[in-house]
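# Overview (structure and organization)
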Amino acid sequence: MKNLRYIFLCSILLFSCKQEPKKTEKSKIKGVIAKHAMVVSAREEASKIGNMILQKGGNAFDAMAAVELALAVSYPYAGSLGGGGFMVYRMENGEIGTLDFREKAPLLAYEKMYLNENDSIIKGKSTLGAMAVGIPGNIAGIYASHEKYGKLPMSEIIDPVIALAKKGVVVTEKQQQRLEKYRDLIVEVNGDSSFFATQWKAKDTIKRLKLAKTLERIKLNGRDEFYRGETGQKLVAFMKKSGGIMTMKDLMNYQVKWRKPITFMYDDLRIISMAPPSSGGFCLQQIMKFIEPFDLDSLGHNTVQSIQVITEAERRSYADRGFHLGDPDFVDIPADLLSDSYLKERMKSFSFEKATPSSEVSHGTINIVESDETTHYSIVDQFGNAVSVTTTINGAYGSKLYCEELGFFLNNEMDDFSSKPGEPNMFGLIGSEANKIAPQKRMLSSMTPTIVEKDGKLYMVVGTPGGSTIITSVLQTILNIHEYDMGMQEAINQPRFHHQWLPDTVKMEPNGFSEEVRKELERLGYTIDVSESIVIGKVEGVLVLPDGTLEGGADTRGDDKAIGF
C-alpha cells in the first residue's frame, strides 16, 4: 500500500486530488491493434519493412536489423550507418539482456581536445564536422544481435532496404521543415554541392543511391565490410581529408558489449532497462523509487501535486547522473546510489509546500547537455520475443558531416562527453570527471530502451528519442498506463513535462497544461518554460492487452508509424 501520509498531505492542499473515474475499455483512445506482431518506428517505410521481415518468418532480432537499416535510408535526421545505440530484449522464455553498441572515442582522442590554450571550450568543435565524430557502432550492433538470435539470412533482411534506397523516400512536411532548419549548417560543413544541401520539398522523392551501393557491399561482405573492408577504408580516408582523427585501427578495434540490464520493481511491474554507459535505466529506477510511496493515481494526472512529486524526483536523479555516471569500463559507479536507504534519504527534503532549489540537491557546480535527435523503435514478434532499441547520431543530422561516396551522415557523439567538467553540452546537460574524454571510452547517454513485465509476462515495450528528456518521457508513458489506466496510444498522446536539475526549470509542452496549474506551480517556486518549440520525446510503444493482442502506439509529434499483423 502506498504511504498514507502523502495522501493526507494531498487532501489538505488547494487543489483537489480526487481520483477521476477509471475510463471504460471502450472510451480509451486506441492505437494500432494486431493479433500476432507489432513494429513501431519513426517512419512508415521502416515499420513496413520490419513488419515484412516478421511476416516472412523472421523474429524480432531480424526485424531489428531491418528497421535499423531502413531508418538510415528513410530518416537521416537521426538514423545512419554512422551512429550507435542500445538494445534491451526479452525472449519468449523470459530471458532478458541488453546490447551496447554505443559509439566510442577514437584512439587519438584526449581529455582536453575541445579546449583552447586558456582551457575554454572551442565553440562548435565537439558538435560540427570531423572532430566531433565517435567510432560508429550500428553495423556491429545489428550483426551481433543477428548472429546470436536472428533466424533469416542477413541478405534477405538487407534486400528490401536496398530496394527502398533505390526507389527513394517521399519527403513529408515535417521532414522538409527539418531539412530547411539545418541546411545552412550542412552547407557550412560540406559545401553547397552536398547531396543534402539540396532544397528538398514535401512530396519530393529522395533516392539514396550511394547508400544503396554501401549496403550492397555490406550485404556481400558482412560486418567486416564496415570495419575492415572497402567501406571502412573509404570512411577513414574521408575522415582524414575532413580533418578528423578516426583510423582503421579504431574501426578494427570496435566491439559491442552484452551487458546486464537494470531491473527493479515498481508496484507489481518489473522494469527492465539499459545500464551505464546509458543513464536511462539508472535514472528511471531512481525516479520511480522516489515516487513509489506517493499515491499518484489519487493525486491525479498532470495535477500540481503529481507534477511536483515527479519533478522533484527528476531533479534529484539528474543531479546524481551528472556527478556519478560514465562508462563503467572506465569509472566505478557507487552501488549504493540505488539502495533503498539512499533513495529514501534523498527524497526527505521534498515538501508539497514549495519547490526544492536545485542548488540544495546538487553535488557541485556541474552541468549536462545532450541532443534531442535520436530515434527509437519497439518490436514484438509472433513468437513472443520483444526488443526495445534506441539509436542516435546525437544532433540533428549528427555532426552535419556527410560522406558523399558512402551516402550517410556521421555522428557528433563526442559532445556527449564532458568536454570540460562543469560545462553544459549542446542539450544543457552537465557532466563531471566520470564522463571525461578518454580513448576507446563510451560517452554517457540518456537513451532508455525499456521493457516492462507484469505478473511475469511481457506487458510493455517502450522508448523514445529526446536527448535529456528521454528518461522523463519513458517514465511518464509508463505511469500514464499503470497509474492512470490509459492505453498505449492515449498514454503517448498526453502532454509531457521535464526537469533535469540544471537549468532549474520545468519544461512543459505548449498548450498541454492549464494556466491555473502553471500559475500554482510558479507560486510554489517553480520556474516554468512553455516555449513554443518544446517537444518532449517521440515515444514508440507496444502494450500487451488483457486478451493477448498488441496495441502499437506511435507518437503524433513526428511521422511515426505502428504496423502489425
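Residues numbered from 1 in each chain as written. Predicted model: local features only at pLDDT ≥ 70, side-chain atom pairs only at ≥ 80, totals over all residues. Heavy atoms only, no water.

### Structural notes on the overall build of the protein
Of regular secondary structure, the protein possesses 17 helices and 23 strands. Computed over the C-alpha atoms, the radius of gyration of the protein is 22 Å, within 12% of the 24 Å expected from 2.2 N^0.38 for a compact globule of 565 residues. Expressed as a percentage of the 565 residues in the protein, the buried residues total 64%. The long-range fraction of contacts in the protein, counting pairs at least 24 apart against all pairs at least 6 apart in sequence, stands at 74%. As displayed, the protein has an accessible area near 20,600 Å², and 51% of this comes from carbon and sulfur atoms. (Helix = DSSP H or I, 4+ residues; strand = E, 2+ residues; numbered from the N terminus. Rg over C-alpha atoms; globule rule 2.2 N^0.38 Å. Buried < 20%, exposed > 50% of the residue type's maximum accessible area, 1.4 Å probe, protein only. Contact = heavy atoms within 4.5 Å. Areas by Shrake-Rupley, 256 points an atom, 1.4 Å probe, with all protein chains shown as cover.)

### Notes on the confidence of the model for the protein
For the protein, per-residue confidence averages 92 on the pLDDT scale, and 91% of positions sit at 70 or higher. This stretch, residues 4-26, has a pLDDT under 50; its non-local contacts, to residues over four places away or in other chains, come to 27 contacts. Below a pLDDT of 50 lies the segment residues 364-368, which in the model reaches 29 contacts outside its immediate sequence neighbourhood of four places, other chains included. (pLDDT = per-residue confidence, 0-100.)

### Observations concerning the nonpolar core
As a rule of thumb, nonpolar side chains are buried together in soluble globular proteins. In this structure, Leu81, Met87, Ile139, Leu215, Met239, Ile379 and Val387 are the most contacted members of the largest nonpolar core, which totals 81 residues. Counting residues per element, this core draws most heavily on helix H3 (residues 60-74), at twelve residues. With residues near it in sequence (within four places) discarded, isoleucine 139 still touches Leu69, Leu81, Ile218, Arg223, Phe226 and Tyr227. One finds Phe86, Leu269, Phe294 and Val452 within the second-largest nonpolar core, a separate group that totals 79 residues. (Core = buried A, V, L, I, M, F, W, Y, C linked by side-chain atoms within 4.5 Å.)

### Notes on the pattern of salt bridges
Under the criterion given, the structure shown has 33 salt bridges. One salt-bridge network, held together by shared partners, links Asp100, Lys257, Arg259, Asp327, Asp329 and Arg442. (Salt bridge = Lys/Arg side-chain N within 4 Å of Asp/Glu carboxyl O.)

### What to know about the sheet that holds strand E16 (residues 450-454)
With antiparallel pairing, seven strands are arranged side by side in an open sheet as E1-E22-E21-E17-E16-E9-E8. In this open sheet, the two strands that pair with only one neighbour each are strand E1 (32-34) and strand E8 (262-266). For this sheet the average axis-to-axis angle between neighbouring strands, irrespective of direction, equals 20 degrees. Along the sheet face, helix H11 (residues 280-291) touches E8, strand E9 (269-273) and E16 and points at about 15 degrees away from the line of E8. Of the strands in this sheet, E8, E9, E16, strand E17 (457-463) and strand E21 (540-544) are in contact with helix H15 (residues 470-482), which crosses E17 at around 140 degrees. (Pairing = 2+ DSSP bridges. Axes fitted to C-alpha atoms, helices over the stretch in contact; angles between N-to-C directions.)

### Describing H11
At 3.6 residues per turn, the α-helix brings residues three or four places apart onto the same side. Between the first and last C-alpha of H11 there are 17 Å, a value that for twelve residues agrees with the 16 Å anticipated at 1.5 Å per step. Those residues of H11 that fall on the buried side of the exposure criterion are Gly280, Gly281, Phe282, Cys283, Leu284, Gln285, Gln286, Ile287, Met288, Phe290 and Ile291. (Expected span 1.5 Å × (residues − 1).)

### Focus: the UniProt feature "active site" (unreviewed entry) in the protein
Within the UniProt annotation, "active site" (unreviewed entry) is assigned to Thr374. Assignment of secondary structure puts threonine 374 in strand E11 (residues 374-380). Apart from residues lying up to four places away in sequence, threonine 374 is in contact with Ala78, Thr390, Thr391, Thr392, Asn394, Met447, Pro465, Gly466 and Ile470. Of the polar contacts made by the side chain of threonine 374, one reaches the side chain of threonine 392; its length is 3.2 Å. (UniProt positions renumbered as here; feature names shortened; annotations may be inferred. Polar contact = N/O pair within 3.5 Å; in protein donor to acceptor, adjacent residues only side chain to side chain.)

### Focus: unusual backbone geometry
Note that the residue after proline 276, namely proline 277, is joined by a cis bond; omega there is 20 degrees. Inspection of the secondary structure assignment puts proline 277 in the loop between E9 and H11. Residue lysine 400 is not a glycine yet carries a positive backbone phi of 70 degrees. Here lysine 400 lies in the loop between strand E12 (386-392) and strand E13 (402-403).

### So, the UniProt feature "binding site: L-glutamate" (unreviewed entry) in the protein
UniProt annotation of "binding site: L-glutamate" (unreviewed entry) refers to Arg102, Thr392, Ile393, Asn394, Asp416, Ser445, Ser446 and Gly467 when read in the numbering used here. A residue is classified by how much of its surface remains accessible, and asparagine 394, at 2% relative accessible area, is buried. Within the structure, asparagine 394 has its side chain in polar contact with the backbone oxygen of asparagine 412 (distance 3.0 Å). Inspection of the secondary structure assignment puts serine 445 in the loop between strand E15 (430-431) and E16. Looking at serine 445, the relative accessible area reads 0%, which means it is buried.

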